[in-house]
Amino acid sequence: MMRSLLIRGMLVGLAAAALAYVVAWFLGEPQVALAISFEEAKAAAAGEAHDHEVFSRTVQETLGLITALVVYGVAFGGLFSIVFAFAHGRIGDFRPRTTAALVALVGFAVIYVVPFLKYPPNPPAVGSEDTIGSRTTLYVTMILLSLLTTAVALYAGRRLAPRLGGWNATLAAVGVFAVIIGITYVVMPEVNEVPGDFSATVLWRFRLASLAIQLTVWGTLGLLFGGLTDRALGRRTAGVPTAVGV
């Protein structure tokens, strides 16, 4: 059972990567090209030679982007199937497609949206090369803190459920999550390295494209994996003889 879920998750992750590439090509790559043009123009105005990339832009936006998305999609698809296997039947008496949708929704919010709101992605030409390491560390730290906060909120919800009931305990858990994340936003250091003359439109569209790519990946995982698993489990259940009088 777990093996079939894992394989299904990885295949769905591959499909999610293909869809994400289409979104990235149409929404993200034009903004990356504009950002690179800005960087080149700024270097030319300052009389500096623009650094030549090891790989051409054509290779980066085709083979490089495809490879990155495939690795990301397959890996997240496998992890998604494992989380689904743990969650199904434990978070409520839901059908597989509902469980998958909930796992995808929570994963998208916790792993991407929460860090995105604090440290949104930036295109090339935004940010100093000297701070790449520290900015990456802050972003990964934000993801880990978001996951830890989710665990604390879930624990609080389960403890409060017998006294408050399922709905009120869920609201309380969401409140705990919001308060802790709010404090985390205040405590974590700010990062603002956007040049004053960089196009706000390009920056905004790049961030929207990043959001759309992640939404495509998580949406595909939740809907397609859930639908396929629902059908697979339905066929398996239908093939089991039902005991008379049970």
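The model shown is predicted, which means the values in this text are computed figures rather than measured ones.

What follows is about the UniProt feature "transmembrane region" (unreviewed entry) in the protein. The sites that carry the UniProt feature "transmembrane region" (unreviewed entry) are, in the present numbering, residues 63-87, 99-117, 137-157, 169-188 and 208-228. Strand forms 0% of residues 63-87 and helix 100%; the C-alpha atoms that close the span are 35 Å apart. Along residues 137-157 one finds 100% helix and 0% strand; the C-alpha atoms at either end are 30 Å apart.

Turning to the environment of tyrosine 112, a few remarks are in order. In this structure, tyrosine 112 sits in helix 3 (residues 96-118). Residue classification places tyrosine 112 among the buried positions, given a relative accessible area of 6%. Sequence separation between tyrosine 112 and leucine 215 is 103 residues; the distance between their C-alpha atoms is 9.2 Å. Once residues within four sequence positions are removed from consideration, tyrosine 112 is found in contact with Gly107, Pro121, Tyr139, Ser210, Leu211 and Gln214.

Evaluation of the coordinates by the stated rule reveals eight aromatic pairs. Both rings, one in phenylalanine 76 and one in tryptophan 218, keep their centres 5.5 Å apart while their planes meet at 80°; by these two values the pair is edge-to-face. Here phenylalanine 76, found in helix 2 (residues 57-87), pairs with tryptophan 218, found in helix 6 (residues 200-238); they are 142 residues apart in sequence, far enough to count as distant. Here phenylalanine 76 and tryptophan 218 have matching classes, each one buried. For the ring pair phenylalanine 84 and phenylalanine 225, a centre distance of 5.2 Å and an interplane angle of 75° mean the geometry is edge-to-face. Here phenylalanine 225 lies in helix 6 and phenylalanine 84 lies in helix 2, a separation of 141 residues in the sequence. Phenylalanine 84 sits in the buried class, given a relative accessible area of 1%.

Taking 1.5 Å of rise per residue, the 22 residues of helix 5 (residues 166-187) would be expected to cover 32 Å, and the 32 Å separating its terminal C-alpha atoms lies within 8% of that figure. Listing the buried residues of helix 5 in full gives Ala169, Ala173, Phe177, Ile181 and Thr184. What you see down the axis of helix 5 is that its buried residues fit within an arc of 105°, all on one side. Among the exposed residues of helix 5, those pointing more than 90 degrees away from its buried face are Trp167, Val179, Ile183 and Val186. Along its buried surface, helix 5 packs onto helix 3 and helix 4 (132-164).

Cut-offs used in this document
- Residues numbered from 1 in each chain as written.
- Predicted model: local features only at pLDDT ≥ 70, side-chain atom pairs only at ≥ 80, totals over all residues.
- Heavy atoms only, no water.
- UniProt positions renumbered as here; feature names shortened; annotations may be inferred.
- Helix = DSSP H or I, 4+ residues; strand = E, 2+ residues; numbered from the N terminus.
- Buried < 20%, exposed > 50% of the residue type's maximum accessible area, 1.4 Å probe, protein only.
- Contact = heavy atoms within 4.5 Å.
- Phe/Tyr/Trp six-rings, centres within 6.5 Å; stacked < 30°, edge-to-face > 60°.
- Expected span 1.5 Å × (residues − 1).
- Arc of directions from axis to C-beta.

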